[in-house]
Amino acid sequence: MRSVYGPVRSWRFGRSLGIDPIGIEPKICSFNCLYCQLGTKGILTSKRSEFVSSEVVKEELELALAKFPGIDIITFSGTGEPTLASNFGELVDKVRSLTTVRIGVLTNSSLLSNSDVRHDVMKADVIVAKLDAATESTFFAVNHPHEDIEFADVIHGIEMTRKEFDGSFQLEVMFVEENMQEASGIAEICKRISPDILYLNTPLRPCAKQPLGKREMKKLRKYFEEFTAKMVYDEDRRL
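Since the model is a prediction, treat every value here as computed from it, not as a measurement.

Novice: Looking at this model, I keep getting lost on the nonpolar core. Mind explaining?
Specialist: What tends to happen in soluble globular proteins is that the nonpolar side chains get buried as a cluster. Membership of the largest hydrophobic core comes to 63 residues, with the highest contact counts inside it found for Phe-76, Leu-131, Leu-171, Phe-175, Leu-198 and Phe-224. Counting residues per element, this core draws most heavily on helix H6 (residues 183-193), which supplies six residues. Residues contacting Leu-131, with those up to four places away along its chain left out, are Ile-155, Ile-158, Leu-171, Glu-172, Val-173, Ile-186, Ile-189, Cys-190 and Ile-193. In this structure, Ile-73, Val-126, Tyr-199 and Val-232 belong to the second largest nonpolar core, which totals eight residues.

Novice: How do you make sense of the packing of aromatic side chains when you look at a structure like this?
Specialist: Pairs of aromatic rings are described using the distance from one ring centre to the other and the angle between the two planes. Counted according to the given criterion, the structure contains seven aromatic pairs. With a centroid separation of 5.4 Å and 65° between ring planes, the pair formed by Phe-139 and Phe-140 is classed as edge-to-face. Among the aromatic residues, those joined into a cluster by ring pairs are Phe-31, Phe-139, Phe-140 and Phe-151.

Novice: Is there a simple way to explain the pairing of strand S5 (residues 73-76) in this structure?
Specialist: Remember that side chains alternate between the two faces of the sheet whenever the strand is regular. Going residue by residue along S5, you find Ile-73 and Thr-75 tucked away on one face and Ile-74 and Phe-76 tucked away on the opposite face as well. Here strand S2 (residues 14-19) runs beside S5; their pairing, made up of four bridges, is parallel. Bridge assignment links Leu-17 to a residue of S5, and that residue is Ile-74. Of the pairings in the sheet, the one linking S5 to strand S6 (residues 102-107) comprises four bridges and is parallel in character. When the sheet's bridge partners are listed, Ile-73 is paired in S6 with Arg-102. One crossover worth recording links S5 to the parallel S6 by way of helix H2 (residues 88-98), and it is right-handed.

Novice: Help me understand the pairing of S6 in this model?
Specialist: Pairing of S6 with strand S7 (residues 126-130), which is carried by four bridges, proceeds in the parallel orientation. Following the sheet pairing, Leu-106 is matched in S7 by Val-128.

Rules used throughout
Residues numbered from 1 in each chain as written. Predicted model: local features only at pLDDT ≥ 70, side-chain atom pairs only at ≥ 80, totals over all residues. Heavy atoms only, no water. Core = buried A, V, L, I, M, F, W, Y, C linked by side-chain atoms within 4.5 Å. Buried < 20%, exposed > 50% of the residue type's maximum accessible area, 1.4 Å probe, protein only. Helix = DSSP H or I, 4+ residues; strand = E, 2+ residues; numbered from the N terminus. Contact = heavy atoms within 4.5 Å. Phe/Tyr/Trp six-rings, centres within 6.5 Å; stacked < 30°, edge-to-face > 60°. Pairing = 2+ DSSP bridges. Right-handed = clockwise from strand over helix to strand, strands pointing away.

Dropping the structure here:
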């Protein structure tokens with residue numbers, strides 16, 4: 001599988017070139033979320049390993065940058081949780097050596113309580129961290145984490161990352177039927193974290209969960225009025 005993919009039109013960032021530091025199908029992740037577009041099969045783990053070598057990523061990225069000028073951001077994402085890659089920090093360094101384009105990471109926040117992981121993600125320019133619940137029960141119901149991952153540690157990791165990170169720290173909430181009743185509680189946690197940008201999302205890409213409608217999302221948005229918030233239905237999603 002190619003480690004560098006795209007470019008795609010990201011509703012968050014514009015024209016984005018993706019890097020997948022996992023590259024193993026169907027996925028390797030620390031969560032098995034209800035709405036995962038990769039499905040429910042794969043390996044559930046909280047252990048970091050090297051999946052794709054830094055040199056492979058560098059070679060593929062060099063070719064992609066030459067082929068696709070005008071990229072707005074290079075985003076770490078892909079077939080699972082990107083911070084599970086033990087060479088994540090080295091991968092960011094390789095990207096930085098090739099271009100001045102902004103570097104972002106989309107993380108499910110599961111490993112941010114680990115200081116080594118925080119050290120690695122600090123090398124990016126933009127962090128988008130997931131927060132889908134206000135309580136432990138909803139966290140388990142929606143995100144289906146690996147047994148080693150506790151909700152309190154996830155919140156602590158997000159708070160520590162926000163405190164330590166000098167770049168743009170952003171939060172994303174993926175709303176489905178199972179967590180929409182916790183919108184108020186999620187908003188209260190967001191107030192403590194105070195992200196630079198907050199994304200209000202629902203799974204519009206094909207997956208096992210039906211998205212919430214535009215009307216439902218607008219009702220939930222009222223809980224997040226004090227934030228710089230972007231709702232997926234309001235953004236241009238054309239490729």
